[in-house]
Amino acid sequence: MLAYTLRRLWQFIPTLGGVVLLVFFVFNFVGGDPAYLLAGKIPNPETIANIRKQLGVDEPYAVQLWIFVKQILTGDFGASWSTNERVSQIFATRLGPSLTVLVPLLMISTLLGMAGAMLVAYVRGSLTDRAVMVACTVAQSVSILVYILVFQYLFAYQLGWFPVQGWGVTFMDNLLRYAVLAIVVGVAVSLAPDVRLYRTFFLDEINQDYVRTARAKGMSETRIMWVHVLRNAAIPIVTNVLLQLPGLLAGAFLIERFFGIPGIGREVILAVERSDFPIIKAVTVYVALATMVVNLAADLLYKAIDPRVQLK
Amino acid sequence: MREQGVWALAWKRFRRDRLGFASLIVVAAYVVLVLAVASGLLARDWESEAGVNFAPPTFIGAEAGEASTVKKLEVARPVSDYGIPDPLGPDLEAIEKSLSGKSRDQARALTLPLGGDKWGRDVLKKAVKGTETSLFVGLAAAILATFIGTLFGALAGFRGGKVDDFFNWLYSVLTSIPYLLLVLTVAAVVNQKGVLTVILILGLTGWTGIFRLIRAEYMKHKVREYVMAADAIGASNGRRMFVHILPNVSHVVLVQLSLHVVLFIKSEVILTFLGYGVSVDTVSWGSMLAEAGTELLLGKWWQLTVATVFMAVLVTAFSLFTDAMRDALDPRLK
């Protein structure tokens, strides 16, 4: 187990190196000169040369790459180009709101998804099963944008059950007032794909020999589902939930933006809109690192809850 | 009697799946619609401001209050208030008449079949024109991604060794960045709108899943007897990869292509909504949804509804069709 962990950690280096190269390539060769972006509407050559010197983009590529690597290792990406706030400061203050929304969102959608999946897996092949599957396909085909627009209009603007957008000061106020509608939208969006995916996990287990044995012993169907099948199907579900987390951190930007939640996702979208490259660079590299760590953690967890799994 | 081919058998299985067959018909209808738009038969004048601003759908009827305010405004022209006649008024009127054949206000309908947008453009025509953009972007990006994924997957799986290591490294780099973040980052840096840009961004970043599957298929197939037999009679590497093995994994390619069309249609909508997608002079479902957000607050729900329904029907049909195709092509799965 330790050897495996060390080997996987060792493999982080080429992958992270690749991410750094990719980000460096994208920002230096695909995009334009950032100095022109920063110099404003009426640039003069002096300002541009000045900015280029400040950013270090007049240095050779090797030196620039070294600057970038140093930024990653020290965690100091400098300051935002548009607000001059330290990038590290931005991360520290935006993580809390993101997690306030994401953790309850993941918990609720996983529990509901498991319940729904277990129900349709129990009546597999029936009309209910087929109808729910088609309903899930339809629900998935509606863009997340529509869910956000309609829910916000209906529940916040028309019915006034929740604030339309905003963020408070205390944690409880945020969780119970401002984050609620965002969580509801997130659950509504992720429920259909979750039910579909988890249903296949349940079906994989239902056809196993141990289920037949349990049934032959005369166990009740309820006990088989709740004790035998659920515990086995939960293994891939848990790892799947874990794997979703880093993607959601940046991927929840639509929800965060519409509900005015000052999280990482909203910061990303703002940075993209303002061409605020230090923030985008930092987010990309750190989220990539988080993804790798979570992938490793998921594999180790898989091994821990299912001793049959062989890690190689 | 000649044995039925694998495709004929798959088609037979597919025809038996009623839901899948129905969704194929819906998808085919969309393709016909897109061809009609592309050839200029339909929705060519989607940009013309055919109705009054926010013209409601015909089945609701014109808003009486709005029509009367329009007239009132007409009477209370600030210029005539001072008793000085507008020196250019008659000329402008004449120009407008000669341009449209009738005066501007007469030409504008009070209602449109499914409503109008902020400028009075027909929402139905916009949605039809948007279908062309969205489906074209989805298809083209999916073809590009499938091509890259298949090529890389074939190379990695067939050659193994260093080549495999290199492509696997590329794969793990690209997949360690969440897909939407990757797309957004590239979009932010490229900072250029347009159909071609969206296709390139989606296609060049979205091939990883296909690569993984095709690579596994090639690893499985390259040790099979028919490939070794081909090697024995002197078939080159390229010939074995693309003439011998590719037809045998083409069902995986086809299903992935279909899955990615749906994925890219949804991604394009989000990209365009955020302002990194197709440019302003083209309409897509994403740009319609972007306008619909503020319209909803004014109570003008029709553009949102029409765009959502157009998209949902196509995406649902395409997904169900993909499921049915997968079942038909690989009967072992069921």
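Quick caveat, the model's predicted, so the values are computed rather than measured. (Residues numbered from 1 in each chain as written. Chains lettered and ligands numbered in written order. Predicted model: local features only at pLDDT ≥ 70, side-chain atom pairs only at ≥ 80, totals over all residues.)

Asker: Please explain the environment of Ser-267 of chain B as it appears in this structure.
Answerer: All names here are of chain B. Locating Ser-267 in the fold gives a position in helix H13 (residues 237–274). Given 24 C-beta atoms within 10 Å, Ser-267 falls into the buried group. Residues Ser-267 and Val-137 lie 130 residues apart in sequence; the distance between their C-alpha atoms is 10.0 Å. Discounting chain neighbours no more than four positions away, the residues touching Ser-267 are Val-183 and Leu-202. (Helix = DSSP H or I, 4+ residues; strand = E, 2+ residues; numbered from the N terminus. Buried ≥ 20, exposed ≤ 12 C-beta atoms within 10 Å, placed from the backbone. Contact = placed C-beta atoms within 7 Å.)

Asker: Would you mind going over the interface of chain B and chain A with me for this structure?
Answerer: Many analyses report the size of an interface as the accessible area lost when the parts associate. Contacts between chain B and chain A engage 32 residues on the former and 32 residues on the latter. Split by residue class, the side of chain B that touches chain A holds 23 nonpolar, 8 polar and 1 charged. (Nonpolar A, V, L, I, M, F, W, Y, C, P; charged D, E, K, R; others polar.)

Asker: Explanation requested: the nonpolar core in the structure shown.
Answerer: In a soluble, globular protein the nonpolar side chains are often hidden away together inside. Membership of the largest hydrophobic core comes to 134 residues, with the highest contact counts inside it found for Leu-145, Ile-148 and Ala-182 of chain A together with Val-183, Leu-289 and Ala-307 of chain B. With residues near it in sequence (within four places) discarded, Leu-145 of chain A still touches Leu-254 of chain A together with Val-269, Ile-270, Phe-273 and Leu-289 of chain B. One finds Cys-136, Phe-201, Ile-224 and Val-229 of chain A within the second-largest nonpolar core, a separate group that totals 14 residues. (Core = buried A, V, L, I, M, F, W, Y, C linked by C-beta atoms within 7 Å.)

Asker: How should the packing of helix H7 (residues 144–158) of chain A against helix H8 (residues 171–206) of chain A be read in this particular structure?
Answerer: Helix-helix packing is described using two parameters, namely the angle between the two axes and the distance between the axes. Residues and elements named next belong to chain A. Where H7 meets H8, the axes come as close as 10 Å, and the angle between the chain directions of the two elements is 140 degrees. The pairing of H7 with H8 is recorded here as oblique in orientation. For the element pair H7 and H8, the recorded crossing hand is right-handed. Of H8, the residues touching H7 (which contributes Ile-144, Tyr-147, Ile-148, Phe-151, Gln-152, Phe-155 and Ala-156) are Leu-181, Val-184, Val-185, Ala-188 and Val-189. By residue class, the composition of the contact of H7 with H8 is 11 nonpolar, 1 polar and no charged. (Axes fitted to C-alpha atoms, helices over the stretch in contact; angles between N-to-C directions. Parallel < 35°, antiparallel > 145°, perpendicular 65-115°, else oblique. Left-handed = near helix turned anticlockwise from the far one by under 90°.)

Interpretation in functional terms is not warranted from these geometric data alone.
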